[in-house]
Amino acid sequence: SGDEQKVASFQTDILDDDNQSALDIVARRNYSDTTWNSSSIRLQRRLDSTTGAFIEIDQTDSARDCINFGENLSTHMTIQGDGAVGIGTSSPAAGIANSKLLQVSGSDAAELRLASSARDFSLYAGSTNLVIRNNNTASDVFRINNSGYVGIRTSVPTSALQVEGLAEHADNTAALAAGLSVGA
């Protein structure tokens, strides 16, 4: 549980006589039983009595500050004091070997889209696949399914490694006999 106190409110009604737009500064603190857990300062937009988007500086129980972005009571993005970023989660997992982490979470799937004026790719993690997709051509470039099979330029790999456009061989001996070589 917790409590909050409005520290300041900047209001205007110049845009519409019927509605009052405001920017509130709110101090919040959270506790369980008698133990204080965290405190925060929140800048939050309000239209009449309806709260909207917010930016919050939060000190968690680990004594690190983080910045939260959200709407109403839901946090949509968190930047932790160590640089880790969570989208769809307020507590991104730790990175490997002290690396910084960007964690994108969704209830059924998550997608990270990287787009420029020339290229548009997505990294998509669903319940059964991890996919790199070329959104310009609407085709899968790379896929790992829940069986661990890897497909390159195929959306349905049926073996440990399947590359669309290359001939399939029964075994390594047949592949070597057909002229494929193994690099060192």
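Because the structure is a prediction, the values reported are computed rather than measured.

A.B. asks: What is the right way to read the overall build of the protein chain from this model?
C.D. replies: Counting secondary structure elements, the protein chain contains one helix and 14 strands. The contacts of the protein chain with a sequence gap of at least 6 include a subset with a gap of at least 24, amounting to 9%.

A.B. asks: What should I look at first to understand the pattern of salt bridges in this one?
C.D. replies: Side chains that differ in sign of charge can pair as their charged atoms come close. Summed over all chains, the structure comprises nine salt bridges. With its nearest N and O atoms 2.9 Å apart, the salt bridge here joins Asp3 to Arg29. In this pair, Asp3 is assigned in strand E1 (residues 2-12) and Arg29 in strand E2 (residues 21-32), connecting sequence segments 26 residues apart. Residue classification places Arg29 among the partly exposed positions, given a relative accessible area of 43%. The structure contains a network of salt bridges with shared partners spanning Glu4, Arg28, Arg42 and Glu56.

A.B. asks: Is there a simple way to explain the sheet that holds strand E14 (residues 161-163) in this structure?
C.D. replies: Backbone-to-backbone hydrogen bonds pair the strands of a sheet. The strands run either parallel or antiparallel. Reading across from one edge, E9-E10-E11-E12-E13-E14 is the order of the six strands in this open sheet, with mixed pairing throughout. Here the strands that pair on one side only, and so sit at the sheet edges, are strand E9 (110-115) and E14. Strand-to-strand twist across the sheet, computed as the mean angle between neighbouring axes with direction ignored, equals 10°.

A.B. asks: What is the right way to read the side chain of Asp24 from this model?
C.D. replies: By the secondary structure assignment, Asp24 is in strand E2. Note on Asp24: relative accessible area 5%, which makes it buried. In this structure the side chain of Asp24 is engaged in a polar contact, spanning 2.6 Å, whose partner is the side chain of Ser9. Not counting residues within four places of it along the chain, the set of residues in contact with Asp24 comprises Lys6, Ala8, Ser9, Arg42, Leu43, Gln44 and Arg46.

A.B. asks: What's the story with the pairing of E9 in this structure? I'm lost.
C.D. replies: Looking along a regular strand, one sees side chains alternate from face to face of the sheet. Relative to strand E10 (residues 120-125), E9 runs antiparallel, the two being bridged by six bridges. In the sheet register, Arg113 faces E10, and the bridge partner there is Ser122. Taking the residues that link successive antiparallel strands as the turn, the E9-E10 hairpin has four residues.

A.B. asks: Mind showing me how you'd approach the environment of Gly165 here?
C.D. replies: Summarising the element assignment, Gly165 is placed in the loop between E14 and helix H1 (172-177). For the pair Gly165 and Ile152, spaced 13 residues apart in sequence, the C-alpha separation works out to 9.3 Å.

A.B. asks: Explain unusual backbone geometry here, please?
C.D. replies: Of all residues except glycine, most have a negative phi; of all peptide bonds, most are trans. The backbone phi angle of Asp48 is positive, close to 55°, even though this residue is not glycine. Note that Asp48 resides in the loop between strand E3 (35-47) and strand E4 (50-59). With phi around 60°, Arg153 is a residue other than glycine that occupies positive phi space. The residue Arg153 is located in the loop between strand E13 (150-152) and E14 in this model. Classification of Arg153 by relative accessible area gives exposed; the value is 52%.

Criteria and cut-off values
- Residues numbered from 1 in each chain as written.
- Predicted model: local features only at pLDDT ≥ 70, side-chain atom pairs only at ≥ 80, totals over all residues.
- Heavy atoms only, no water.
- Helix = DSSP H or I, 4+ residues; strand = E, 2+ residues; numbered from the N terminus.
- Contact = heavy atoms within 4.5 Å.
- Salt bridge = Lys/Arg side-chain N within 4 Å of Asp/Glu carboxyl O.
- Buried < 20%, exposed > 50% of the residue type's maximum accessible area, 1.4 Å probe, protein only.
- Pairing = 2+ DSSP bridges.
- Axes fitted to C-alpha atoms, helices over the stretch in contact; angles between N-to-C directions.
- Polar contact = N/O pair within 3.5 Å; in protein donor to acceptor, adjacent residues only side chain to side chain.

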